[in-house]
Amino acid sequence: MNKPVIITVAITGAIPRKKDCPGLPVTVSEQIEETHKAYEAGAALVHLHVRKPDESPSSDPDQFAKVQEGIKKHCPDMIIQFSTGGRGQDQALRGAMLFHRPDMASLATGSVNFPHGIYENPPTFVDGLANEMNKYDIKPEIEVFDMAMLYSAADLIKRGLLKAPAHVQFVMGVPNAMPAKRSILEFLVSELKEIMPDATWTAAGIARHQLTVNEWALEMGGHARTGLEDNIKYDQTRVAKDNAELVSRVAELAAKYNRPVANGKLAREILGLRAAG
């Protein structure tokens, strides 16, 4: 195929804890160091969450700024993506860090059931986040946890709240949400090509589905996401050492599918982002 693949690393998330995975980066210094290791292993894009001292999720703009500063210093061309997710967090806080102007930010375009509650993204909130991203020249990554979210994203473009070309991530394997089935991913990609023909896409598999979805995405011409946010195990026998170990595995798989791994500079060109710095 020879189509370059962008590897995203989701280093922390909101759920895993150090007691379950000692390599999980929680503090600012750990996150910067872990991102640098993943960058050297082949990741061109980092998806960021921050945590409070007790490891619970945070939306603290100062923490986001410190992590961003460190990544820019040690991984100068890496794409930095802030998460605007936050199960259980005040919606007013979830976009409070966007004024720091990351390259990208996640944008879930609808609400969905998660195992222990509802991931709430009501229409007015989604519109507000989209406006904030436009204000600060941030490219959204449309997070599709359920099929309707894809069509909602297309509607946002039609209404002028999102700019084309979009970048879409299909999230598969969250209990109660979209199952990790190859036929579903194939359908979603075919629909994406019909309603947003210039869009790029990536896919993320949760927990035991991570590696399988990585392979599907590589084979189908999409981009791939890995990292301890989505899955803390390397295989059925052990916990992953760190994020870099998971990134290295995807980089090795990319060679199997004849997919060169994009560096930060090329990834920015593929996604239509401004040059680093």
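For the structure, see preceding data.
For the structure given in this document, a descriptive report is provided here. Being a predicted model, the structure only gives us computed values, none of them experimental. (Residues numbered from 1 in each chain as written. Predicted model: local features only at pLDDT ≥ 70, side-chain atom pairs only at ≥ 80, totals over all residues. Heavy atoms only, no water.)

1. Re the side chain of R268
- Note that R268 resides in helix α8 (residues 264–271).
- Polar side-chain contacts of R268 include one of 3.0 Å to the backbone oxygen of D77.
- Look past the residues within four positions of R268 in its chain and what remains in contact with it is D77, M78, I79, D103, L273, R274, A275 and A276. (Helix = DSSP H or I, 4+ residues; strand = E, 2+ residues; numbered from the N terminus. Polar contact = N/O pair within 3.5 Å; in protein donor to acceptor, adjacent residues only side chain to side chain. Contact = heavy atoms within 4.5 Å.)

2. Some details on the packing of helix α4 (residues 148–158) against helix α5 (residues 182–195)
- Between α4 and α5, whose axes approach to 11 Å, the crossing angle comes to 15°. Accordingly, the angle class assigned to the pair α4 and α5 is roughly parallel. Here α4 and α5 pass one another in a crossing that is right-handed. Residues L150, Y151 and A154 of α4 touch α5, and the partners they reach there are F187, L188, E191, L192 and I195.
- Across the contact of α4 with α5, the residue classes tally to seven nonpolar, no polar and one charged. (Axes fitted to C-alpha atoms, helices over the stretch in contact; angles between N-to-C directions. Parallel < 35°, antiparallel > 145°, perpendicular 65-115°, else oblique. Left-handed = near helix turned anticlockwise from the far one by under 90°. Nonpolar A, V, L, I, M, F, W, Y, C, P; charged D, E, K, R; others polar.)

3. Topic: the pattern of salt bridges
- Here the structure, examined in full by the defined rule, presents 15 salt bridges.
- Measuring nitrogen to oxygen at the nearest pair gives 3.3 Å for the salt bridge that ties E215 to K256. Here E215, found in helix α6 (residues 210–220), pairs with K256, found in helix α7 (residues 243–256); they are 41 residues apart in sequence, far enough to count as distant.
- The partly exposed category is assigned to E215, whose relative accessible area is 21%.
- Residue K256 is classed as exposed on the basis of its relative accessible area, which comes to 56%.
- A salt bridge links R238 to E245; its shortest N-O distance comes to 2.6 Å. (Salt bridge = Lys/Arg side-chain N within 4 Å of Asp/Glu carboxyl O. Buried < 20%, exposed > 50% of the residue type's maximum accessible area, 1.4 Å probe, protein only.)

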